[in-house]
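# Fold and contact review
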Amino acid sequence: QVQLVESGGGLVQAGGSLRLSCAASGRTFSIYVMGWFRQAPGKEREFVAAISRSGISAYYADSVKGRFTISRDNAENTVYLQMNSLKPEDTAVYYCAAVYSNSRLPATQSDYDYWGQGTEVTVSS
């Protein structure tokens, strides 16, 4: 069981940067694979990025590859999403998610067991 709380969302101009944080409760954060998803109004929730338990491996959606970086600090029970070169199409509510002891880096929301409440990102032209 883990509780997740996202923060760092807001309004940013196209081309700008934003860093999202996801703070996890508990003392066993390092056993979870962590992921980021996003959902724009009227659209399906889509995968953004995932990171291994150690933080060594990461996987990105093609739409954000080269612009976004996922990282984690297990000592601080926190996962980050650094978003650079933001585009208006990045506008969405961003959610972090966790799954226990999964050796893969899943990109499907049904593979994740725990979810945060989301933080809204708006990118203006």
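Bear in mind that the values here come from a model prediction, so they are computed numbers and not experimental data.

### Considering the packing of aromatic side chains
- Inspection of the entire model under this criterion finds seven aromatic pairs.
- Note on Tyr32 and Tyr114: the rings are 5.9 Å apart at their centroids and 85° apart in plane angle, and the pair reads as edge-to-face. One end of the pair, Tyr32, is in strand β4 (residues 32–39); the other, Tyr114, is in strand β10 (residues 114–115), and 82 residues separate them in sequence.
- Residue classification places Tyr32 among the buried positions, given a relative accessible area of 4%.
- In this structure, Arg45 is placed above the aromatic ring of Trp115, and the distance from its NZ or CZ to the ring centre is 4.9 Å.

### Structural notes on the pattern of salt bridges
- In total, this model carries four salt bridges according to the counting rule given.
- Arg38 is the salt-bridge partner of Glu46, the closest N and O atoms lying 2.7 Å from each other.
- For Glu46, a relative accessible area of 36% puts it in the partly exposed group.
- Accessibility expressed as a relative area gives 5% for Arg38, which makes it buried.
- Across the salt bridge formed by Asp62 and Lys65, the nearest N and O atoms sit 3.3 Å from each other.
- Judged by relative accessible area, Asp62 falls into the exposed class, the value being 68%.
- Each of Arg38, Glu46, Arg67 and Asp90 takes part in one network of salt bridges that share partners.

### Some remarks on the pairing of strand β3 (residues 18–24)
- For β3, a buried count of five out of seven residues is recorded, marking the element as mostly surrounded by other parts of the structure.
- Of the strand pairs in this sheet, strand β1 (residues 4–7) and β3 are connected by four bridges, and their pairing is antiparallel. Counted as the bridge partner of Val5 is Ala23 from β3.
- As paired strands, β3 and strand β8 (residues 78–83) are joined by six bridges and run antiparallel to one another. Along β8, the bridge assignment pairs Arg19 with Gln82.

### Focus on the environment of Ala58
- Among the secondary structure elements, Ala58 is positioned in strand β6 (residues 58–60).
- Accessibility expressed as a relative area gives 39% for Ala58, which makes it partly exposed.
- Each C-alpha atom, one on Ala58 and one on Val33, is 10 Å from the other, the two residues being 25 residues apart in sequence.
- Leaving out residues up to four positions away in the same chain, Ala58 has contacts with Ala50, Ile51, Ile70 and Leu105.

### Some thoughts on the sheet that holds β1
- Within the open sheet, the four strands sit side by side as β1-β3-β8-β7. Their pairing is antiparallel. Edge positions in the sheet fall to β1 and β7 (68–73), since each has one partner strand and no second. Taking each pair of neighbouring strands and ignoring which way they run, the sheet shows an average axis angle of 15°.

### Re unusual backbone geometry
- Even without being glycine, Asn77 reaches a positive phi, approximately 55°.
- As for its position among the elements, Asn77 is in the loop between β7 and β8.
- Assessed through its relative accessible area of 14%, Asn77 is described here as buried.
- The backbone phi angle of Ser85 is positive, close to 50°, even though this residue is not glycine.

Cut-offs applied
Along every chain, residues carry numbers that run from 1 in the direction the sequence is written. Reporting of local features is limited, given that this is a predicted model, to residues whose pLDDT is at least 70; pairs of side-chain atoms are given and counted only at 80 or more, and all residues count toward the totals for whole chains, interfaces and linings. To get the side-chain values, all heavy atoms of the structure are used, and hydrogens and water are removed first. Only the six-membered ring of Trp is used, alongside the rings of Phe and Tyr, when aromatic pairs are assigned; centres must lie within 6.5 Å, and planes under 30 degrees apart are stacked while those over 60 apart are edge-to-face, with the rest tilted. Put simply, DSSP marks the helices as runs of H or I at least four residues long and the strands as runs of E at least two long, and each gets a number from the N terminus on. Summary of the burial criterion: residues with accessible area below 20% of their type's maximum are buried, those above 50% are exposed, and those between are partly exposed, where the area comes from a 1.4 Å probe applied to protein chains only. A ring is considered to have a charge above it if a Lys NZ or an Arg CZ atom is located within 6 Å of its centre and within 35 degrees of its normal. A carboxyl oxygen of Asp or Glu within 4 Å of a side-chain nitrogen of Lys or Arg is what we treat as a salt bridge. Between any two strands, pairing holds if DSSP finds at least two bridges. The contact definition used throughout considers only heavy atoms, calling two residues in contact when any of these lie within 4.5 Å. Throughout, an axis means a line fitted to C-alpha atoms (over the contacting stretch in the case of helices), and angles, computed between N-to-C directions, take values from 0 to 180 degrees.

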